[in-house]
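Structural overview for review
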Amino acid sequence: MREAEGLRSDRVGQVVILGGGTAGWMTAAALARTFAGRVAITLLESEEIGTVGVGEATIPTIHWFNELIGLDEAAFLGATKATFKLGIEFVDWRSPGHRYFHPFGQFGAPLPGVAFHHRWLKARADGHDLPLSALSLATALAMQNRFAKPVADARSILSTLGYAFHFDAGLYARHLRSLAESAGVTRIEGKLARVERDGGGGHVTALVTERGERLAGDLFIDCSGFRALLIEGVMQAGYEDWSHWLPCDRAVAVPCARVGETTPYTRSTARAAGWQWRIPLQHRTGNGYVYASPHLSDDEAAATLLANLDGEALAEPRFLRFVAGRRRRAWIGNVVAIGLSSGFLEPLESTSIHLIQSGIAKLLTLFPDRDMDPALARRYDALLSADMDNIKDFLILHYHATARDEPLWRAVRAMAVPETLTERIGHYARAGRLMVGSDELFRDASWLAVLDGQGIAARDYNPVADTVDPVGNRNQVQQIASLIARAAPTLPGHDAALAALLEPAR
């Protein structure tokens, strides 16, 4: 087969993916699209093994993946019962009764001289008391249940928008499976019985199912979720536990009936022992309570969740257990872990699917030959670790900067946080500086939204902003806020915008 396809003998010719679900089928679809038949791709999964399936909210990086696999957005929206997402509303996080919004896109608009948020900070220092939320079109649209897509023209306020999706994770996996199988991926129904390895380097040579089928491969992708059957069960990667920073270790999830309009944002509401998510879809609303088991029993968590639903519960509560952290190594030999098998960070900022596609992107960039150069594995681990470390710090910020008074919240407020986060907070508190690296997932606008939203105030701003006339600066900042206030009511409602996109696909 390799000779017929012109594939060199040292190239990977067979990839075997263990596990389906979102991670498995995202990986399969991406590899199939990239290699277009030059590599044989087999996926082993069992209908009897459930998937986590609660990661229904995404962030704008998903557009990279959708473009990679050539996804038709309208067909995807219809098949997965998706809605649009302009950001995340945080309720009761800083303190009970307080709300703020983490929008996708930008605050304000590009102005000469210095980053826009320093212009806002200078205007505030000069007596112009304008909240940060007034400078985000995404926030204005979200609060009015409206939606619009960004445009490329930088002169338009619409260029400041960003968006992502909410969707049914089970339907998403099914949609990707259809695309992957049509692109040549072979699905094997069955459970893993044993793993064969060579006697030399310890590389995996084949997976054997309970029915005796032998799936040989050159490269094996572990998408077996929390079980991590290959990367941990066989390769013994080890696990770095982050629960001392992110103490929630349980979740209970239940869908409920949709009530009223679908809101174009995720909502995260702080509770006594954790937080509750609300994710609106076309056909239902996803809900869950992420909590710390030392502070709350499973029964109490379920009761709290069921008492705080929009509509009638559509299923029995489903419980999950996890430990925040990451594998010490996510690529060992010829085994690469993608998704939950590589680590877990709670879905507070909807990063679960991002981390799947982050693993896929890194694998494609570092795709090996059959000799599995160890330098590629080291680079993969370093890049994925940096990605997860930065997300970890961003999540810790939400917990640490709080005035809530329950035992869990007092503990996380008093805990020692990573030095990298301490430095970020210090830079912003002293002079409004957002020290964001070029490769980090969360950009300036995200850090600004959460730092300000959690009550960390900047005492100063970049001195370069003083080169701008104070009156002219205040006027420019106010003009942008006024433009946003005028523009938002003219844009379509979210449900109307969604219906307009879905109609041609029906």
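Higher on the page you've got the structure.
This report concerns the structure included in the present document. (Residues numbered from 1 in each chain as written. Predicted model: local features only at pLDDT ≥ 70, side-chain atom pairs only at ≥ 80, totals over all residues. Heavy atoms only, no water.)

Regarding the overall build of the chain
For clarity, the cut-off: Only DSSP runs of H or I covering at least 4 residues are called helices, and only runs of E covering at least 2 are called strands; the numbering of each starts at the N terminus. Radius of gyration here uses only the C-alpha atoms, and the compact-globule reference equals 2.2 Å multiplied by the residue count raised to the power 0.38. Classification of residues uses two cut-offs on accessible area relative to the type maximum, computed with a 1.4 Å probe and protein chains only: under 20% is buried, over 50% is exposed, and between them is partly exposed. Note on contacts: a residue pair qualifies if any of its non-hydrogen atoms lie within 4.5 Å across the two residues. All accessible-area figures derive from a Shrake-Rupley calculation using a 1.4 Å probe, and residue coverage is judged against the displayed protein chains alone.
If you tally the helices and strands in the chain, you get 14 helices and 21 strands. At 24 Å, the chain has a C-alpha radius of gyration in line with the 23 Å of a compact globule built from 506 residues. Judged by the C-alpha coordinates and their principal axes, the chain covers about 75 × 50 × 45 Å. For the chain, with 506 residues in total, the buried portion stands at 56%. Residue pairs in contact within the chain that sit at least 24 positions apart in sequence constitute 76% of those at least 6 positions apart. Summing over all exposed atoms, the chain offers an accessible surface of approximately 20300 Å²; the carbon and sulfur share of this is 50%.

Here we look at the side chain of asparagine 287
Selection criterion: What qualifies as a polar contact is a pair of N or O atoms within 3.5 Å, subject to a donor-acceptor requirement within protein and to the restriction that residues adjacent in sequence count only when both atoms come from side chains.
Within the element layout of this structure, asparagine 287 appears in strand E16 (residues 285-291). Reaching out from asparagine 287, the side chain makes a polar contact with the backbone oxygen of threonine 285 at a distance of 3.1 Å. With residues up to four places along the chain from it excluded, the contact list for asparagine 287 reads Val252, Ala253, Val254, Pro255, Cys256, Trp277, Arg278, Leu305 and Leu309.

Observations regarding the sheet that holds strand E17 (residues 318-321)
Neighbouring strands of a sheet are bound in pairs by backbone hydrogen bonds; such pairs are parallel or else antiparallel. Test applied: Should DSSP find at least two bridges between two strands, the strands are regarded as paired. What counts as an axis is a line fitted to C-alpha atoms, over the stretch in contact for a helix, and the angles between N-to-C directions run from 0 to 180 degrees.
Ordered by their spatial adjacency, seven strands build an open sheet running E5-E4-E14-E15-E16-E13-E17, and the pairing between neighbours is mixed. The sheet is open, and its two edges are formed by strand E5 (99-103) and E17, each paired on a single side. Recorded for the sheet is a direction-independent mean angle of 20° between the axes of neighbouring strands. Where strand E13 (residues 250-256) and E17 come together, four bridges link them in antiparallel fashion. Considered in E17, the bridge of valine 252 is made with phenylalanine 319.

So, the environment of leucine 441
Relative to the elements of secondary structure, leucine 441 occurs in the loop between helix H11 (419-431) and helix H12 (444-453). Once residues lying within four places of it in the same chain are set aside, the contact partners of leucine 441 are Ile59, Thr61, Thr351, His354, Asp387 and Ile391.

A few points about the packing of aromatic side chains
Two descriptors summarise a pair of aromatic rings, namely the distance from one centre to the other and the angle between the planes of the rings. Operational definition: We call Phe, Tyr and Trp rings a pair once their centres come within 6.5 Å, taking the six-membered ring for Trp, and we label the pair stacked below 30 degrees between planes, edge-to-face above 60, and tilted otherwise. For a Lys NZ or an Arg CZ to count as sitting over a ring, it must be within 6 Å of the ring centre and within 35 degrees of the ring normal.
Taken as a whole and judged by the stated rule, the model has 23 aromatic pairs. Every member of this aromatic cluster is reached through a ring pair, and the members are Phe76, Phe84, Phe147, Tyr163, Phe165, Phe167 and Tyr172. The aromatic ring of tryptophan 120 is capped on one face by arginine 124, whose charged end is 4.8 Å from the ring centroid.

What to know about the environment of arginine 327
Tracing the sequence through the fold places arginine 327 in strand E18 (residues 325-327). Under the relative-accessibility criterion, arginine 327 is labelled buried at 10%. Once you skip the residues sitting within four places of it in the chain, arginine 327 turns out to touch Phe226, Ala228, Ile231, Glu232, Ala237, Gly238, Tyr239, Ser341, Ser342 and Gly343. Side-chain polar atoms of arginine 327 contact the backbone oxygen of serine 341, separated by 2.8 Å.

Looking at unusual backbone geometry
Unusually for a residue other than glycine, aspartate 92 sits at a positive phi of about 70°. Turning to its location among the elements, aspartate 92 is positioned in the loop between strand E4 (87-91) and E5. Phi angles above zero are rare outside glycine, and serine 350 is one such case at about 55°. By the element assignment, serine 350 lies in the loop between strand E21 (343-344) and helix H8 (352-365).

Examining the side chain of arginine 326
Looking at where arginine 326 falls in the secondary structure, it is placed in strand E18. For arginine 326, the side chain forms a polar contact with the main-chain oxygen of serine 385, separated by 3.3 Å.

Let's talk about the sheet that holds strand E12 (residues 239-241)
Ordered by their spatial adjacency, three strands build an open sheet running E12-E18-E21, and the pairing between neighbours is antiparallel. Unpaired on one side and paired on the other, E12 and E21 mark the two borders of the sheet. When E12 meets E18, the two strands line up antiparallel, connected through three bridges. Residue pairing for E18: glutamate 240 is matched across the bridge by arginine 326. The strands touched by helix H9 (residues 374-400) within the sheet are E18 and E21, with E18 carrying the most contacts at an inclination of about 175°.

So, the pairing of strand E9 (residues 204-209)
Extensive coverage of E9 is indicated by the burial of five of its six residues. Sheet topology note: the E9/strand E10 (residues 214-216) ladder contains three bridges and is antiparallel. Paired with valine 208 across the bridge in E10 is arginine 214. Two successive antiparallel strands, E9 and E10, enclose a turn made up of four residues, where glycine 212 displays a positive phi of approximately 90°.

Some points on the pattern of salt bridges
To keep it simple, the criterion reads: The term salt bridge refers to a pairing of a side-chain nitrogen on Lys or Arg with a carboxyl oxygen on Asp or Glu at a separation within 4 Å.
Overall, the coordinates contain 31 salt bridges when judged by the stated rule. With a closest N to O distance of 2.8 Å, arginine 327 and glutamate 232 form a salt bridge. Pair noted here: arginine 327 is in strand E18 and glutamate 232 is in the loop between strand E11 (219-222) and E12, with a separation of 95 residues, a long-range link. Given a relative accessible area of 24%, glutamate 232 falls into the partly exposed group. Among the ionic contacts, a cluster of salt bridges with common partners joins Glu45, Glu47, Arg177, Glu181, Arg187 and Glu189.

Observations regarding the environment of threonine 262
Of note, threonine 262 is situated in the loop between E13 and strand E14 (266-271). Threonine 262 gets classed as buried once you look at its relative accessible area, which sits at 3%. Along the backbone, threonine 262 and threonine 365 are 103 residues apart, and their C-alpha atoms lie at a distance of 38 Å. Leaving out residues up to four positions away in the same chain, threonine 262 has contacts with Thr83, Asn145, Pro280, Leu281, His494 and Asp495. Within the local environment of threonine 262, its side chain forms a polar contact with the side chain of histidine 494, the two groups lying 3.0 Å apart.

Some thoughts on helix H7 (residues 298-306)
Basically, it comes down to this: This arc describes the spread of directions from the helix axis toward the C-beta atoms.
Where H7 is concerned, the buried positions are Ala301, Ala302 and Leu305. Projection of H7 onto a plane perpendicular to its axis shows the buried side chains occupying an angular sector of 95°, all on one side. The inward-facing, buried residues of H7 abut E13, strand E15 (274-280), E16 and E17.

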